[in-house]
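Listed here are the chains, written in short residue letters.
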2 protein chains.
Amino acid sequence: MVAAPGGLRFSASALAAFSRAALAAAGADEPSADAATRSMLHASRLGIDSHGFRLLPHYARVIEGGRVNGRPNLRFQTGAGAVAMLDADHAQGARAAYAAMERAVELAGPFGLGAVAIRNTSHFGAAGAYALAAAEAGFIGLAACNSDSFVRLHEGAERFHGTNPLAVAVPAGAGRPWLLDMATSAIPYNRVLLYRGLGRDLPPGAASDGAGRDTCDPFAVEMLAPLGGSFGFKGAGLAGLAEILSAVLTGMRLSPEILPMGGPDLSTPREMGAFVLAMRPGAFIDEAVFRSGMERYLGALRASRAVEGGTVLAPGDREWAEAEGRDRDGLPIDPDTLAAFGEIAARFGLGVPERLGTGAP
Amino acid sequence: MVAAPGGLRFSASALAAFSRAALAAAGADEPSADAATRSMLHASRLGIDSHGFRLLPHYARVIEGGRVNGRPNLRFQTGAGAVAMLDADHAQGARAAYAAMERAVELAGPFGLGAVAIRNTSHFGAAGAYALAAAEAGFIGLAACNSDSFVRLHEGAERFHGTNPLAVAVPAGAGRPWLLDMATSAIPYNRVLLYRGLGRDLPPGAASDGAGRDTCDPFAVEMLAPLGGSFGFKGAGLAGLAEILSAVLTGMRLSPEILPMGGPDLSTPREMGAFVLAMRPGAFIDEAVFRSGMERYLGALRASRAVEGGTVLAPGDREWAEAEGRDRDGLPIDPDTLAAFGEIAARFGLGVPERLGTGAP
């Protein structure tokens, strides 16, 4: 999790309204603007600011540039019974991913589980958003994608995989869903940027210099390390799993072949793949037994003894606590993003979102 | 991977014959003896000696003791279309897991994917064996289980999850399957035992003392750390995924509730769960496109620049190379295991397997 450094606070509804208006002005149809906004709102609420409304200026730019098709014609090509391929027609990534997960959930009704691979999509956003969509409907959800090359292999000395996230969400009875949303790199690149700003050393084994050697100096970082430190073959293997499901199973671009997110080319579609899966617990076991089992498991986990000064949490606990605070106090927007909002507002003739507590923008 | 320290060499066929005979004498029916032998042979060939024929004396003992039912009545309780629940009747773990994966593969024919959750099973063996069984049939295979409590949580100070493995295997065109078989702990416990024997320090962040503090002293280790070091919440989250699929989705025992593998109680069934899933690439994309995509991906991966003195490998490459050497030179059996083989042979009136190259036992 990368916290926005400082920043002013805004209501979720004001940011969402601004986001939808900006994306519509950039050329997005209503489902695309809604889906992109929903994914950014998810991330901004849960404290994953790297994938929150900070991305709005980028998403508007790539629709204007033509890289992303703001009015895609999504086509599901049904495969065998419980699987489908979605050709997303170069849609905004959240538009494709939510639609794919919705279909996976539909398939998991009669079949017990369902999987949808996605062709011709773009930047995925927070993978956990789509896994969570399944969990909120009562299903176990899994979402994965690859992304442009940024992480070395185990014992590797050049960028190969992207940060290739894996996300899983599980309905947890009375509590909020169990939610694991993890990059398969040791750290996200945003952590490097944050530590540059703070002048702090990175933890050992998290990033490498241009020769693939470990470095704790955030200014020397040329690539990220796979999760696992001395056991980085595990992190690289998990990145490979995301890569195979997203790119090989769809015939889309491998991480090293994906055009850089930041451009300069913002007009050529990135031809990315992704993958989602949904599973219905009630197809295996009585739903009530599953729900009470999750409650019992999470109760035992949260009661497990912590190291002195530490806290034991279930996946998602930190994020749900953050969301609660942000739902109360507003969502922070960092100054750079706020400046970019001002530019968008001017370009499209929109009002900037109102700051909380002041009535002022 | 934990190499057997020294040890004599035996042919795979001699060890397999001895294993089947010993398990049959202990009370296993033919399918159980075959499945357990197949899983141990898999591990011994690929260099995963912790799960190889070293386990034969244990497996024989728990069948004799009654913990494991050597003549189980496996019952598939069909759930929704593409999923099933297998009640394994306290079968040997490999017997249940191979049967479950076989059914998952059958389901993935018409449905594109299939999943089987397993109730009332026992020690899983090498998870990769079952994932590989799917890959050898042309399917993507996933296998997971939980196991007795041995790994602390992130910031935890007591044992909670087991080493809860996740294994995935993917058919790789002309080459051997891509094969990731990983404990979700930083290291396996056998590594600790090995380093005790060698008098070597453990890598940092891999294991903890009784207070949950990191220790590199293998003699001070009371629990293992989750994969990820400072980012151990990811390893603990992956362990949780294995736990949920294995124990919660089946209503079986959570890791802290599982009777210890080593006894002293060897008569009470351990009531463990496990989970397997198979996916048919051809349900998503043309099989030939998938195969050539895997070849292209693995070619790019293996050509990725290595750090000085390092080697970049795909998951499974090290294991397949080890298997090639062992198929040529024989499988090593460590002295303690060999002594246990002698006891088994005497108890059941069997000949001990012949050593390679000498004609002598």
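Residues numbered from 1 in each chain as written. Chains lettered and ligands numbered in written order. Predicted model: local features only at pLDDT ≥ 70, side-chain atom pairs only at ≥ 80, totals over all residues. Heavy atoms only, no water.

Student: Looking at this model, I keep getting lost on the nonpolar core. Mind explaining?
Tutor: It is characteristic of soluble globular proteins that their nonpolar side chains tend to be buried jointly. Ranked by internal contacts, the top residues of the largest apolar core, which has 198 residues, are Trp178(A), Phe284(A), Trp178(B) and Phe284(B). Here Phe284(B) is in contact with Val83(A), Ala84(A), Met85(A), Ala115(A), Ala117(A), Leu249(A), Phe275(A) and Met279(B), once residues within four sequence places are set aside. Formed by 25 residues, the second largest nonpolar core is a distinct cluster that contains Leu23(B), Ala33(B), Val68(B) and Phe341(B). (Core = buried A, V, L, I, M, F, W, Y, C linked by side-chain atoms within 4.5 Å. Buried < 20%, exposed > 50% of the residue type's maximum accessible area, 1.4 Å probe, protein only. Contact = heavy atoms within 4.5 Å.)

Student: Before we go on, may I ask you to explain the side chain of Ser246(A) in this structure?
Tutor: Residue and element names in this part refer to chain A. Residue position: Ser 246 is located in helix H7 (residues 232-248). Among the polar contacts listed, one links the side chain of Ser 246 to the backbone oxygen of Ala 144, at a separation of 3.4 Å. Contact partners of Ser 246, with chain neighbours within four places excluded, come to Ala 144, Cys 145, Asn 146, Met 252, Gly 273, Ala 274 and Phe 275. (Helix = DSSP H or I, 4+ residues; strand = E, 2+ residues; numbered from the N terminus. Polar contact = N/O pair within 3.5 Å; in protein donor to acceptor, adjacent residues only side chain to side chain.)

Student: Help me understand the pairing of strand E9 (residues 178-182) of chain B, please; the structure alone is not making it clear to me.
Tutor: Side-chain positions along a regular strand alternate between the two faces of the sheet. Residue and element names in this part refer to chain B. Of all five residues in E9, four are buried; the element is thus mostly enclosed. Here strand E8 (residues 166-170) pairs with E9 via five bridges, running antiparallel. Bridge pairing in E9 links Ala 167 to Asp 181. (Pairing = 2+ DSSP bridges.)

Student: Please clarify how unusual backbone geometry should be interpreted in this entry.
Tutor: When glycine is set aside, most residues are seen to have a negative phi, and most peptide bonds are trans. Of note, the bond from Gly263(A) into Pro264(A) is cis; its omega dihedral lies within 30 degrees of zero at 20°. Note on placement: Pro264(A) falls in the loop between H7 and strand E12 (272-279). The phi torsion at His90(B) lies on the positive side, around 65°, for a residue other than glycine. Relative to the elements of secondary structure, His90(B) occurs in the loop between strand E3 (83-87) and helix H4 (93-111).

Student: Where do I start with the packing of aromatic side chains in this structure?
Tutor: Geometrically, a pair of aromatic rings is defined through the distance of the ring centres and the angle of the planes. Applying the stated criterion to the full structure yields 13 aromatic pairs over all chains. Taken together, a centroid distance of 4.8 Å and an interplanar angle of 80° make the contact between Tyr98(B) and Tyr130(B) edge-to-face. In this pair, Tyr98(B) is assigned in helix H4 and Tyr130(B) in helix H5 (residues 127-136), connecting sequence segments 32 residues apart. For the pair Tyr98(B) and Tyr130(B), one class covers both residues: buried. Aromatic rings pair up to connect Tyr98(A), Phe124(A) and Tyr130(A) into one cluster. Sitting over the face of the ring of Trp320(A), Arg176(A) holds its NZ or CZ atom 3.9 Å from the ring centroid. Across the ring face of Phe150(B), the terminal group of Arg159(B) is positioned such that the distance to the ring centre comes to 4.2 Å. (Phe/Tyr/Trp six-rings, centres within 6.5 Å; stacked < 30°, edge-to-face > 60°. Lys NZ or Arg CZ within 6 Å of the ring centre and 35° of its normal.)

Student: Mind showing me how you'd approach the relation of the copies chain B and chain A here?
Tutor: Note: a rotation about an axis with an accompanying shift along it relates these two copies of the chain. The two copies are related by a screw operation: chain B maps onto chain A through 180° of rotation and 0.0 Å of translation along the axis, at an RMSD of 0.0 Å. Such a combination of turn and shift is consistent with a two-fold rotation axis. Nearest to the rotation axis, the C-alpha of Gly228(B) is located 2.2 Å from it, this being the minimum over chain B. Both copies contact each other with a shared surface, as 100% of the interface residues of chain B are interface residues in chain A too. (Least-squares fit on C-alpha atoms with pLDDT ≥ 70 in both.)

Student: What is the right way to read empty space enclosed by the protein from this model?
Tutor: Gaps left between atoms are located by rolling a probe of water-molecule size over the structure's atoms. The final tally for this structure, using the stated rule, is seven cavities of 30 Å³ or more. The volume enclosed by the largest cavity comes to roughly 440 Å³. Lining the largest cavity are 26 residues, with Leu142(A), Leu241(A), Leu245(A), Leu142(B) and Leu241(B) sitting closest to its centre. Of the residues belonging to the lining of the largest cavity, the class tally is 25 nonpolar, one polar and no charged. The computed volume of the second largest cavity comes to approximately 60 Å³. Along the wall of the second largest cavity there are ten residues; nearest its centre are Asp49(B), Arg54(B), Pro332(B), Ile333(B) and Asp334(B). Class assignment for the residues of the lining of the second largest cavity results in four nonpolar, three polar and three charged. (1 Å grid on protein atoms, 1.4 Å probe; cavity = no way out; pocket = protein on both sides within 12 Å on 5 of 7 lines; lining within 4 Å. Points joined across faces, edges and corners; volume = space filled by probe spheres on them. Nonpolar A, V, L, I, M, F, W, Y, C, P; charged D, E, K, R; others polar.)

Student: Mind showing me how you'd approach the interface of chain B and chain A here?
Tutor: Think of interface size as the accessible area that goes away when the parts come together; that is how it is often given. Listed as interface residues are 82 residues of chain B and, on the opposing side, 83 residues of chain A. Here chain B packs against chain A, burying approximately 6300 Å² in sum over the two surfaces, 72% of which is carbon and sulfur. Applying the counting rule to chain B against chain A returns two salt bridges. In this assembly, chain B and chain A are joined by 23 residue pairs in polar contact (both at pLDDT 80 or more). When grouped by side-chain class, the residues that make up the side of chain B that touches chain A number 53 nonpolar, 20 polar and nine charged. (Buried area = accessible area lost by both parts, 1.4 Å probe. Salt bridge = Lys/Arg side-chain N within 4 Å of Asp/Glu carboxyl O.)

Student: Teacher, can you tell me more about the confidence of the model for chain A here?
Tutor: Low pLDDT marks stretches whose predicted atomic positions should not be read closely. All names here are of chain A. When pLDDT is averaged across chain A, the result is 95; 97% of the residues are at 70 or more. Under a pLDDT of 50 for its full length, residues 1-5 has, in the predicted model, 18 contacts with residues more than four places off or in other chains. Prediction confidence for the complex, expressed as pTM and ipTM, is 0.96 and 0.96 respectively. (pLDDT = per-residue confidence, 0-100.)

Student: Help me out: how do you make sense of helix H10 (residues 335-348) of chain B in this one?
Tutor: Along an α-helix, a turn takes 3.6 residues, which lines up residues three or four apart on a common side. All names here are of chain B. Between the first and last C-alpha of H10 there are 20 Å, a value that for 14 residues agrees with the 20 Å anticipated at 1.5 Å per step. Every buried residue belonging to H10 is among Thr 337, Ala 340, Phe 341, Ile 344, Ala 345 and Phe 348, and all of these are buried. Mapping the buried residues of H10 onto a view down its axis gives an arc of 145°, with all of them on the same face. Across from the buried face of H10, at angles greater than 90 degrees, the exposed residues are Pro 335, Asp 336, Glu 343 and Ala 346. For H10, the elements touching its buried residues are helix H1 (12-26), helix H3 (56-65) and strand E13 (331-333). (Expected span 1.5 Å × (residues − 1). Arc of directions from axis to C-beta.)

Student: Help me out: how do you make sense of the side chain of Glu243(B) in this one?
Tutor: Mapped onto the secondary structure, Glu243(B) falls in helix H7 (residues 232-248). At 8.0 Å, Arg296(A) is the nearest oppositely charged side chain to Glu243(B), a buried residue that forms no salt bridge. For Glu243(B), the side chain forms a polar contact with the side chain of Asn146(B), separated by 3.1 Å. Aside from chain neighbours lying at most four places away, what touches Glu243(B) is Tyr297(A), Asn146(B), His161(B), Asn164(B), Val248(B), Leu254(B) and Ser255(B). (Lys, Arg positive; Asp, Glu negative; His and termini not counted.)

Student: Help me out: how do you make sense of the sheet that holds E3(B) in this one?
Tutor: Residue and element names in this part refer to chain B. The mixed open sheet is built from seven strands, whose spatial order is E2-E3-E4-E12-E5-E8-E9. Two strands in the sheet have a free side with no partner beyond their single neighbour: strand E2 (75-78) and E9. When the angles between neighbouring strand axes are averaged without regard to direction, this sheet yields 15°. In this sheet, strand E12 (residues 272-279) lies alongside strand E5 (residues 140-145) in antiparallel orientation, the contact comprising six bridges. Bridge pairing in E12 links Ala 144 to Phe 275. (Axes fitted to C-alpha atoms, helices over the stretch in contact; angles between N-to-C directions.)

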